[in-house]
Amino acid sequence: MMEDRASVNPLLCLLLGVIAAVLQSSWVSRVSILGGVPNVILMTVCVWVWFGRSEDGLLFGLSAGFICDALSAAPFGACMTAFAAAALLAGIIDHNVSDGFTAAFFGIVGLATVLYEIIIVIWLWAGGHTVLWGDLILNYIIPSVIINTLGAGLFYLIGTFITLRKQAQKPGIL
């Protein structure tokens, strides 16, 4: 929940958002598993909200979304909107679920992936692109949800490690 979560330097959020966006756009977007593409930024947003503060996850998502929008052919603002919505959804769920309920994190990643993909497709549709919803859901969104949810385990472990390290560095904690 929201207690004793330290804020992260906003410049660090911005810098990491830029790095993640460049990695996502240049390298990770070329990885396709069963038609779905892992979304490193989305998983990082969810981890940041789960282990940190929602505001920091939102700032990270907006900065990464801005760079993704600048690097992609999608309508400008699509990625920023989608990552911001995913961060807000993750924050709402995180605020209402106990920290000890690990399965909720994987649910957050799955729901955030669905929301992200639907927002991107709506932006594309609004920009005049033809959208075949049935084909898109079966061949892209569902595989992306599965890949991101499974891949989130690694991000969860990294978030746990960082959180435990921070707690060990606090004075007065055994």
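In what follows, the structure referred to is the one given above.
All of the points below concern the structure found in this document. (Residues numbered from 1 in each chain as written. Predicted model: local features only at pLDDT ≥ 70, side-chain atom pairs only at ≥ 80, totals over all residues. Heavy atoms only, no water.)

## Description of the packing of aromatic side chains
(1) Moving on: Tallied over the entire structure, the rule returns eight aromatic pairs.
(2) Moving on: These aromatic residues form a ring-pair network of at least three members: Trp 50, Phe 51, Phe 105, Phe 106 and Tyr 156. (Phe/Tyr/Trp six-rings, centres within 6.5 Å; stacked < 30°, edge-to-face > 60°.)

## Details of unusual backbone geometry
(1) Moving on: With a phi angle near 55°, Leu 34 is a residue other than glycine that sits in the positive phi range.
(2) Moving on: Assignment of secondary structure puts Leu 34 in the loop between helix 1 (10-26) and helix 2 (40-51). (Helix = DSSP H or I, 4+ residues; strand = E, 2+ residues; numbered from the N terminus.)

## Things to note about the nonpolar core
(1) Moving on: In this structure, Ile 41, Trp 50, Phe 83, Phe 105 and Tyr 116 are the most contacted members of the largest nonpolar core, which totals 36 residues.
(2) Moving on: In terms of residue count, helix 2 provides more of this core than any other element does, nine residues in total. (Core = buried A, V, L, I, M, F, W, Y, C linked by side-chain atoms within 4.5 Å. Buried < 20%, exposed > 50% of the residue type's maximum accessible area, 1.4 Å probe, protein only.)

## Some details on the packing of helix 1 against helix 3 (residues 54-71)
(1) Moving on: Contact pair helix 1 / helix 3: the axes reach a minimum separation of 8 Å and the direction vectors enclose 40°. Comparing their axes, helix 3 and helix 1 come out oblique. As helix 1 runs across helix 3, the sense of the crossing is right-handed. Seen from helix 1, the contacting residues are Pro 10, Cys 13, Leu 14, Leu 16, Gly 17, Val 18, Ala 20, Ala 21, Val 22 and Ser 25; seen from helix 3, they are Asp 56, Leu 59, Phe 60, Ser 63, Ala 64, Ile 67, Cys 68 and Leu 71.
(2) Moving on: Class assignment of the residues belonging to the contact of helix 1 with helix 3 gives a composition of 14 nonpolar, three polar and one charged. (Axes fitted to C-alpha atoms, helices over the stretch in contact; angles between N-to-C directions. Parallel < 35°, antiparallel > 145°, perpendicular 65-115°, else oblique. Left-handed = near helix turned anticlockwise from the far one by under 90°. Contact = heavy atoms within 4.5 Å. Nonpolar A, V, L, I, M, F, W, Y, C, P; charged D, E, K, R; others polar.)

## Focus: a nonpolar patch on the surface
(1) Moving on: Taken together, the side chains of Ile 118, Ile 122, Trp 125, Trp 133, Ile 137, Leu 138, Ile 142, Ile 146 and Leu 150 present a nonpolar region at the surface, about 890 Å² in accessible area.
(2) Moving on: Of all elements in the fold, only helix 5 (102-126) and helix 6 (133-169) reach the threshold of two or more residues within the nonpolar patch.
(3) Moving on: At six residues, helix 6 tops the list of elements feeding residues into the nonpolar patch.
(4) Moving on: In this fold, Trp 133 is placed in helix 6. (Patch = residues over 30% accessible without salt bridge, like charges linked within 9 Å, V, L, I, M, F, W, Y side chains within 5 Å. Areas by Shrake-Rupley, 256 points an atom, 1.4 Å probe, with all protein chains shown as cover. Salt bridge = Lys/Arg side-chain N within 4 Å of Asp/Glu carboxyl O.)

## Quick look at the pattern of salt bridges
(1) Moving on: According to the stated counting rule, one finds two salt bridges in the structure shown.
(2) Moving on: Here Arg 53 makes a salt bridge to Glu 55, at a shortest N to O gap of 4.0 Å.
(3) Moving on: Look at Glu 55 and you get partly exposed, because its relative accessible area is 44%.
(4) Moving on: The residue Arg 53 makes a salt bridge to Asp 56 at a minimum N-O spacing of 3.5 Å.

## Here's the deal with helix 4 (residues 78-96)
(1) Moving on: In this model helix 4 runs 27 Å from its N-terminal to its C-terminal C-alpha over 19 residues, within 8% of the 27 Å that 1.5 Å per residue would give.
(2) Moving on: Those residues of helix 4 that sit buried are Ala 78, Cys 79, Ala 82, Phe 83, Ala 84, Ala 86, Ala 87, Ala 90, Gly 91, Ile 93 and Asp 94.
(3) Moving on: Buried positions along helix 4 lie against helix 2, helix 3 and helix 5. (Expected span 1.5 Å × (residues − 1).)

## What to know about helix 3
An α-helical segment advances 3.6 residues per turn. Residues three or four places apart therefore align on the same side.
(1) Moving on: With 18 residues, helix 3 extends 25 Å between its outermost C-alpha atoms, agreeing within 8% with the 26 Å of an ideal straight helix rising 1.5 Å per residue.
(2) Moving on: For helix 3, the set of buried residues is Ser 54, Asp 56, Gly 57, Phe 60, Gly 61, Ser 63, Ala 64, Gly 65, Ile 67, Cys 68 and Asp 69.
(3) Moving on: Considering only its buried residues, helix 3 is in contact with helix 1, helix 2 and helix 4.

## Considerations on the side chain of Asn 39
(1) Moving on: For Asn 39, the position within the fold is in the loop between helix 1 and helix 2.
(2) Moving on: For Asn 39, a relative accessible area of 5% puts it in the buried group.
(3) Moving on: At a separation of 3.0 Å, a polar atom in the side chain of Asn 39 contacts the main-chain amide nitrogen of Leu 42.
(4) Moving on: Residues contacting Asn 39, with those up to four places away along its chain left out, are Gln 24, Phe 83, Tyr 116 and Asn 148. (Polar contact = N/O pair within 3.5 Å; in protein donor to acceptor, adjacent residues only side chain to side chain.)

## Concerning the packing of helix 2 against helix 4
(1) Moving on: Remark: helix 2 packs on helix 4, axes separated minimally by 9 Å, with the N-to-C direction vectors making an angle of 30°. Between helix 2 and helix 4 the crossing geometry is right-handed. For the pair helix 2 and helix 4, the contacting residues are Ile 41, Leu 42, Val 45, Val 49 and Trp 50 in the first and Phe 83, Ala 86, Ala 87, Ala 90, Gly 91 and Asp 94 in the second.
(2) Moving on: Here the residues of the contact of helix 2 with helix 4 sort into nine nonpolar, one polar and one charged.

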